[in-house]
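Fold and geometry: a report
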Amino acid sequence: MMGSRITRSKRRTGEVISEVNSKRNRLRLTEEMNCQSNGLCLSTTTASMFCWGNTTNGELGLGGIEDQHILVPRELNFKEANKVQYVACGKFHSVLITESGNIFSCGSNDFGQLGHSKPRTRFEEVDRLSNYVITKVACGDYHSVAANEWGEVYTWGNNSHGQLGYLDTEFLNEPKIVKHIATCFVIQISCGSNHCLALTNSGDLYSWGANEWGQLGIGHKTNLHIPTKIPFFAGIPLAFIASGDNHSFALSKSGD
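Here the structure is a predicted model, which is why all the values come from computation and not from measurement.

**Overview of the overall build of the protein chain**
- If you tally the helices and strands in the protein chain, you get zero helices and 19 strands.
- Looking at the protein chain as a whole, 50% of its 256 residues are labelled buried.
- A separation of at least 24 residues holds for 46% of the contacts in the protein chain among residues at least 6 apart in sequence.
- For the protein chain, the computed accessible surface area is about 12,400 Å², with 50% contributed by carbon and sulfur atoms.

Take a look at the structure:
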């Protein structure tokens, strides 16, 4: 299935834009930009990209620099900075996608969370997904999740709690489609430290991975290696999902 769709579509999904006024530029930030605890990346429509925080593992994409902590925002030299649509950050890695649907990653690769074996201190393309238009990306502590324009979900990285949606592997070095929801059209994805959520266009919400704190919402605390529909939301139209390290959130279309 990985190589069956070569033609890249020009369609783009809608995105919510927030506008921020500054003295020098008017920046447009996509709501998909998110970060974990150690660093932050910011993309603008003025052909610039900025990052700051911890860079010990190369997670800021600044290359092999001596500084380990960037205390003020620093411009990132990335050739497609003005085309970046979404940015997601794990504990020690970062992933971004461009308007053409290409996906890049940098930072720690101890569990294969970059999805490639290239140098890790600058953003490098995840070649395994180069034949797809990637529209969504999310990161857990040590794993990554992406969805393409057809609503298919791919995971890679650490699988210690089943967060990749597979039972028979400890980690994946390259993206692999999540088979158990391959027939669904996923419109939103979200990651906690070691768990995932996926919302489909039919309104079903799936969860999998770590469940020590009940973050999967399925009525028990057993980890799940297989995406499982959350029964509570049957018949409730959902508008938005989000995840913290060990908790989850959903907003219904009625605001409940």
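Resuming the write-up.
**Points about the sheet that holds strand β6 (residues 84–89)**
- The strand order across the open sheet formed by four strands is β6-β7-β8-β9, and the pairing between neighbours is antiparallel. The open sheet has two free edges, formed respectively by β6 and β9 (124–125), since each of these has just one partner strand.
- Inspection of the sheet shows strand β7 (residues 93–98) paired to strand β8 (residues 103–107) by five bridges, in the antiparallel sense. The residue bridging V95 from the neighbouring strand is S105, located in β8.

**Some thoughts on the nonpolar core**
- Counting 18 residues, the largest nonpolar core has I103, L129, I134, V137 and W156 as its most contacted members.
- Residue assignment for this core shows that the elements contributing at least two residues are β6, β7, β10 (134–139), β12 (153–158) and β13 (171–177).
- Of the residues forming this core, the biggest block, three residues, is contributed by β10.
- Setting aside chain neighbours within four positions, we find I103 in contact with V95, L96, I97, E124, E125, V126, L129, I134, V137, A146 and W156.

**Concerning the environment of S100**
- Here S100 is to be found in the loop between β7 and β8.
- We classify S100 as partly exposed; its relative accessible area is 30%.
- S100 sits 32 residues away from Y132 along the chain, and the two C-alpha atoms are 9.5 Å apart.
- In this structure the side chain of S100 is engaged in a polar contact, spanning 3.0 Å, whose partner is the side chain of T98.
- Here N102 takes part through its side chain, which lies 2.6 Å from a polar atom of the side chain of S100.

**Considering the confidence of the model for the protein chain**
- Residues with a pLDDT of 70 or more make up 81% of the protein chain, whose mean pLDDT is 86.
- Here residues 1–33 is a poorly scored stretch, pLDDT under 50, and it has 66 contacts once near neighbours within four places are set aside; other chains count.

**Side note on the pairing of β8**
- The buried fraction of β8 is high, at five of five residues.
- Residues I103, S105 and G107 line one face of β8 and the alternating positions F104 and C106 line the opposite face, and both faces are buried.
- Between β7 and β8, which pair antiparallel in sequence order, lie four residues; one of them, G101, sits at a positive phi of approximately 90 degrees.
- Alignment of β8 against β9, held across two bridges, turns out to be antiparallel. Across the sheet, F104 pairs through a bridge with E125, a residue of β9.

**Observations concerning the environment of H195**
- Mapped onto the elements, H195 comes out in strand β15 (residues 195–200).
- Between the C-alpha atom of H195 and that of W208, which follows or precedes it by 13 residues, the distance is 5.7 Å.
- A polar side-chain atom of H195 sits 2.9 Å from a polar atom in the side chain of S248.

**A closer look at the packing of aromatic side chains**
- Evaluated as defined, the whole model comprises seven aromatic pairs.
- Relative to Y142, the ring of F111 has its centre 5.1 Å away and its plane inclined at 45 degrees; by these criteria the two rings are tilted. With F111 in the loop between β8 and β9 and Y142 in the loop between β10 and β11 (143–148), the pair connects residues that are 31 residues apart, well separated along the chain.
- The exposure class of Y142 is partly exposed, given its relative accessible area of 22%.
- Taken together, the aromatic side chains of F78, F104 and F123 make up a single cluster linked through ring pairs.

**Brief notes about the side chain of E152**
- Following the sequence through the fold, E152 ends up in the loop between β11 and β12.
- Within the structure, the side chain of E152 is placed 2.8 Å from the side chain of N148, a separation counted as a polar contact.

Parameters and conventions
Residues numbered from 1 in each chain as written. Predicted model: local features only at pLDDT ≥ 70, side-chain atom pairs only at ≥ 80, totals over all residues. Heavy atoms only, no water. Helix = DSSP H or I, 4+ residues; strand = E, 2+ residues; numbered from the N terminus. Buried < 20%, exposed > 50% of the residue type's maximum accessible area, 1.4 Å probe, protein only. Contact = heavy atoms within 4.5 Å. Areas by Shrake-Rupley, 256 points an atom, 1.4 Å probe, with all protein chains shown as cover. Pairing = 2+ DSSP bridges. Core = buried A, V, L, I, M, F, W, Y, C linked by side-chain atoms within 4.5 Å. Polar contact = N/O pair within 3.5 Å; in protein donor to acceptor, adjacent residues only side chain to side chain. pLDDT = per-residue confidence, 0-100. Phe/Tyr/Trp six-rings, centres within 6.5 Å; stacked < 30°, edge-to-face > 60°.

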